[in-house]
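# Structural overview
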Amino acid sequence: MGMHEYIKSLSDLEKIYRCPGKFKFEEHSVAAHSFKVTKIAQFLGTVEEHKGNEVDWKSLYEKALNHDYSEIFIGDIKTPVKYADPDLRERLANVEESMTKHFIEEEIPEEFQAIYHNRLKEGKDETLEGKILSVADKVDLLYESFGEIQKGNPENLFTQIYQESLDTILEFKELASVNYFLKEILPDLLSGEFTNQSELETISQNILTRHNIEQTFALGE
């Protein structure tokens, strides 16, 4: 027993690609996703702190860095699949939790096991840091799907993922960082010229309206 297997496993995260089984112009590994989510969470936390909210940075960084480590055991499951059936999502979460627990007890030295049980558990919770993680995760997923749409990927899956990502982000519309994202970042995302630009702008507007958010994207101005 030692940390060797854990450190070695980090390289495996570079080989697990997100959204498997679909044509993509650009592949994204779980390792890259974890890095990007951490950087996005850092910015969102900065916005929250700037607005006077207290951020537990140690908790936020640990949640963001570790949030998808358990995918090393079962791989990445496409977002629409996970969310189509709540029972399936719960079963997958239970499998991940069980396999992560077994790995910790087999490979992590006993004196560090309690720490890693906490670090590798589900980080999306009701704390501010858990909410920031939920948003940061979906912001990166939104950008990944947008990148495929922008390049003209014909797979409708990426439009579905874009919609689901924006919908989930808006579930946290009470956060100052989400308001900043909606006002300052999303309009820039949609302002360039790309394939299906009008359709994606309409989809975004409809989602915002459904969440009772008044915002108009002034494309072409």
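Note that this is a predicted model, so its numbers are computed, not measured. (Residues numbered from 1 in each chain as written. Predicted model: local features only at pLDDT ≥ 70, side-chain atom pairs only at ≥ 80, totals over all residues. Heavy atoms only, no water.)

Now for the overall build of the protein chain. Looking only at helices and strands, the protein chain features 11 helices and zero strands. Seen in sequence order, the protein chain has helices and strands lined up from the N terminus as α-α-α-α-α-α-α-α-α-α-α. Its C-alpha atoms give the protein chain a radius of gyration of 18 Å, near enough to 17 Å, the size a compact globule of 221 residues would have. Reported as C-alpha extents along the three principal axes, the dimensions of the protein chain are approximately 60 × 45 × 30 Å. (Helix = DSSP H or I, 4+ residues; strand = E, 2+ residues; numbered from the N terminus. Rg over C-alpha atoms; globule rule 2.2 N^0.38 Å.)

The next thing to look at is the nonpolar core. Counting 37 residues, the largest nonpolar core has Val135, Tyr162, Leu166, Leu182, Leu186 and Leu200 as the members making the most contacts within it. When residues of this core are assigned to their parent elements, the largest contribution, nine residues, is made by helix α8 (residues 128-150). Judged by nonpolar contacts, the second largest core, of 11 residues, contains Leu13, Ile104, Tyr116 and Leu120. (Core = buried A, V, L, I, M, F, W, Y, C linked by side-chain atoms within 4.5 Å. Buried < 20%, exposed > 50% of the residue type's maximum accessible area, 1.4 Å probe, protein only.)

Under the 1.5 Å per step criterion, the end-to-end length of helix α9 (residues 157-170) is 20 Å for 14 residues, consistent within 8% with the ideal 20 Å. With respect to burial, α9 is a largely interior element, 11 of its 14 residues being buried. For α9, the full list of buried residues reads Leu157, Phe158, Thr159, Ile161, Tyr162, Glu164, Ser165, Leu166, Thr168, Ile169 and Leu170. (Expected span 1.5 Å × (residues − 1).)

The next point concerns the packing of aromatic side chains. According to the stated counting rule, one finds eight aromatic pairs in the structure shown. On the numbers, 6.2 Å between centres and 85° between planes, the contact of tyrosine 69 with phenylalanine 73 is edge-to-face. Relative to phenylalanine 103, the ring of phenylalanine 73 lies with its centre 5.6 Å away and its plane at 55°, an arrangement referred to as tilted. Of this pair, phenylalanine 73 sits in helix α4 (residues 71-74) while phenylalanine 103 is found in helix α6 (residues 86-107), placing the two residues 30 residues apart along the sequence. The rings of Tyr6, Tyr69, Phe73, Phe103 and Tyr116 are connected pair by pair, giving a single aromatic cluster. Just above the ring of tyrosine 116 sits the side chain of arginine 119; from NZ or CZ to the centre is 5.1 Å. (Phe/Tyr/Trp six-rings, centres within 6.5 Å; stacked < 30°, edge-to-face > 60°. Lys NZ or Arg CZ within 6 Å of the ring centre and 35° of its normal.)

Moving on, we get to the side chain of lysine 24. With respect to the secondary-structure elements, lysine 24 resides in the loop between α1 (4-12) and α2 (30-50). Engagement of the side chain of lysine 24 in a polar contact is seen with the backbone oxygen of cysteine 19, the distance being 2.7 Å. Within polar-contact distance, the side chain of lysine 24 engages the side chain of glutamate 27 at 3.5 Å. (Polar contact = N/O pair within 3.5 Å; in protein donor to acceptor, adjacent residues only side chain to side chain.)

In this section: the pattern of salt bridges. Throughout the structure, instances matching the rule amount to 16 salt bridges. In this structure, lysine 63 engages aspartate 125 in a salt bridge whose closest nitrogen and oxygen atoms are separated by 2.7 Å. Placement of the pair is lysine 63 in helix α3 (residues 57-66) and aspartate 125 in the loop between α7 (110-119) and α8, with a sequence separation of 62 residues. Among the residues examined, aspartate 125 registers a relative accessible area of 26% and is labelled partly exposed. Of the charged contacts in the structure, one is a salt bridge between glutamate 105 and lysine 101, with a shortest N-O distance of 2.8 Å. Of this pair, glutamate 105 and lysine 101 are both found in helix α6, four residues apart, which corresponds to roughly one turn of the helix. (Salt bridge = Lys/Arg side-chain N within 4 Å of Asp/Glu carboxyl O.)

Turning our eyes to something else, we now look at the environment of isoleucine 72. As for its placement among the helices and strands, isoleucine 72 is situated in helix α4. The buried category is assigned to isoleucine 72, whose relative accessible area is 18%. Distance from isoleucine 72 to threonine 100, taken between C-alpha atoms, is 9.1 Å for residues 28 residues apart in sequence. Beyond its immediate stretch of four places on either side in the chain, isoleucine 72 contacts Ser9, Asp12, Leu13 and Ile16. (Contact = heavy atoms within 4.5 Å.)

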